[in-house]
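# Structural characterization, general
Each chain, written out:
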Amino acid sequence: MGLERIANSAFEIVTRLNKEHFPSIVRHGSFADLTVCITDFCKVSKYQKISLLAIGMLRDTIPTMLESPECGFKEQHHSPTDDPMIKYWFPVLFGFYDVIMNGEDLEVRRLYV
């Protein structure tokens with residue numbers, strides 16, 4: 001099995017998990033881990049197609065996150081330790097920052113700037 005095929009299979013798994021199990025990911029406290037995983041796919045300069053698809057996935061986590069009742073953006077009262085701005089926005093924004101500052105592929109970086 002070639003490396004590109006392995007990378008495609010891994011990206012497919014993450015895509016399926018994101019689409020089909022997003023509420024469970026949030027409920028079990030793994031949203032930041034999901035964004036780190038997607039961000040790492042954004043920076044795979046060897047396979048630009050995966051990088052570009054991962055950018056779209058990272059970008060699409062924003063509306064999904066805002067609409068998900070598990071994230072709690074529609075609730076008015078939050079404890080300081082459960083602030084959705086920190087739990088959900090920070091990982092996404094840091095993912096964008098990481099791709100812009102550390103991504104090697106200029107095409108991928110250009111999409112963020």
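Residues numbered from 1 in each chain as written. Predicted model: local features only at pLDDT ≥ 70, side-chain atom pairs only at ≥ 80, totals over all residues. Heavy atoms only, no water.

Contact pair helix H3 (residues 48-67) / helix H4 (residues 84-102): the axes reach a minimum separation of 10 Å and the direction vectors enclose 170°. Here H3 is positioned roughly antiparallel relative to H4, judged by the angle of their axes. By crossing handedness, the relation of H3 to H4 is classed as left-handed. Contacts from Leu-58, Arg-59, Thr-61, Ile-62, Met-65 and Leu-66 of H3 reach H4 at Tyr-88, Trp-89, Val-92, Gly-95 and Phe-96. Partitioned by chemical class, the residues of the contact of H3 with H4 number eight nonpolar, two polar and one charged. (Axes fitted to C-alpha atoms, helices over the stretch in contact; angles between N-to-C directions. Helix = DSSP H or I, 4+ residues; strand = E, 2+ residues; numbered from the N terminus. Parallel < 35°, antiparallel > 145°, perpendicular 65-115°, else oblique. Left-handed = near helix turned anticlockwise from the far one by under 90°. Contact = heavy atoms within 4.5 Å. Nonpolar A, V, L, I, M, F, W, Y, C, P; charged D, E, K, R; others polar.)

What follows concerns the nonpolar core. The biggest cluster of nonpolar side chains holds 24 residues, and the ones touching the most others in it are Phe-22, Phe-31, Ile-38, Cys-42 and Met-65. When residues in this core are grouped by element, the largest group, seven residues, is from H3. (Core = buried A, V, L, I, M, F, W, Y, C linked by side-chain atoms within 4.5 Å. Buried < 20%, exposed > 50% of the residue type's maximum accessible area, 1.4 Å probe, protein only.)

The next thing to look at is the pattern of salt bridges. The tally for this structure, following the rule as stated, stands at four salt bridges. Where Glu-70 meets Arg-27, a salt bridge forms, and the shortest distance between an N and an O atom there is 3.4 Å. Of the two residues, Glu-70 sits in the loop between H3 and H4 while Arg-27 sits in helix H1 (residues 3-27), which places them 43 residues apart along the sequence. The exposure class assigned to Arg-27 is exposed, which follows from its relative accessible area of 51%. Note that Lys-43 and Asp-40 form a salt bridge whose closest N and O atoms lie 4.0 Å from each other. (Salt bridge = Lys/Arg side-chain N within 4 Å of Asp/Glu carboxyl O.)

Bringing the environment of Phe-31 into the picture now. Residue position: Phe-31 is located in helix H2 (residues 31-42). Once the C-alpha coordinates of Phe-31 and Lys-87 are considered, the two residues, 56 residues apart in sequence, prove to be 8.0 Å apart. Setting aside anything within four residues of it in sequence, one finds Phe-31 in contact with Phe-22, Ile-25, Val-26, Met-65, Lys-87, Tyr-88, Pro-91 and Val-92.

Quick look at the environment of Leu-52 now. Here Leu-52 shows up in helix H3. Linking Leu-52 and Cys-42, residues 10 residues apart in sequence, is a C-alpha distance of 6.7 Å.

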